[in-house]
Amino acid sequence: MPPGPPAGRLDRWLWAVRLTKTRADAAQACRGGHVRVNDRPAKPATPVRAGDVVRAHLHGTTRIVEVTHVIEKRVGAPVAVRCYVDNTPARPPEAMIPVARRDRGAGRPTKRDRRQLDRLRSEGF
């Protein structure tokens, strides 16, 4: 990794490591209170350094990343991933209730299908 600056703007770093699609999206997330640095609310110009922990609620999920390298320019995805350590907890498994799947374009369930679905749902789930 090429040497980077000791600190950089938070919105620029979020965009550079590809956590947000655009820098404007990163700034808007910061202004909206969706980004915290070291458990403090962060503005777009908040300096970010190696070792900082960034918690960002983006796209319906909360990402927790530790900064390992500060970059200011957008780089390729393989390089961007090496600039942080992702400490986001694993998502819980989907609901354990079996879901009946139908083929795409199969139309509405028939009366027989409906009875089978009702029987499946009432078996203690």
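Residues numbered from 1 in each chain as written. Predicted model: local features only at pLDDT ≥ 70, side-chain atom pairs only at ≥ 80, totals over all residues. Heavy atoms only, no water.

### Some thoughts on the sheet that holds strand S6 (residues 61-67)
Spatial strand order, S3-S2-S5-S6-S7: five strands in an open sheet with antiparallel pairing. Here the strands that pair on one side only, and so sit at the sheet edges, are strand S3 (40-41) and strand S7 (84-86). Two strands pair when backbone bridges link them, and S6 and S7 are joined in this way by three bridges, in the antiparallel orientation. Among the inter-strand pairings, valine 65 is bridged to a residue of S7, identified as aspartate 86. (Pairing = 2+ DSSP bridges. Helix = DSSP H or I, 4+ residues; strand = E, 2+ residues; numbered from the N terminus.)

### Details of the confidence of the model for the protein chain
Of the residues in the protein chain, 90% reach a pLDDT of 70 or more, and the chain-wide mean stands at 88. When mean pLDDT is taken per element in the protein chain, strand S2 (residues 35-37) scores highest with 96 and helix H4 (residues 111-121) scores lowest with 87. (pLDDT = per-residue confidence, 0-100.)

### Description of the nonpolar core
Core analysis: the largest hydrophobic core is formed by 23 residues, its most contacted members being Leu10, Trp13, Leu14, Val17, Leu19, Val35 and Val54. Only helix H1 (10-16), helix H2 (23-31), S2, strand S5 (53-58) and S6 provide two or more residues apiece to this core. Of all the elements, H1 adds the most residues to this core, at four residues. The residues contacting leucine 10, other than those within four sequence positions of it, are Cys30, Val35, Val37, Ala42, Lys43, Pro44, Thr46, Val48 and Val54. (Core = buried A, V, L, I, M, F, W, Y, C linked by side-chain atoms within 4.5 Å. Buried < 20%, exposed > 50% of the residue type's maximum accessible area, 1.4 Å probe, protein only. Contact = heavy atoms within 4.5 Å.)

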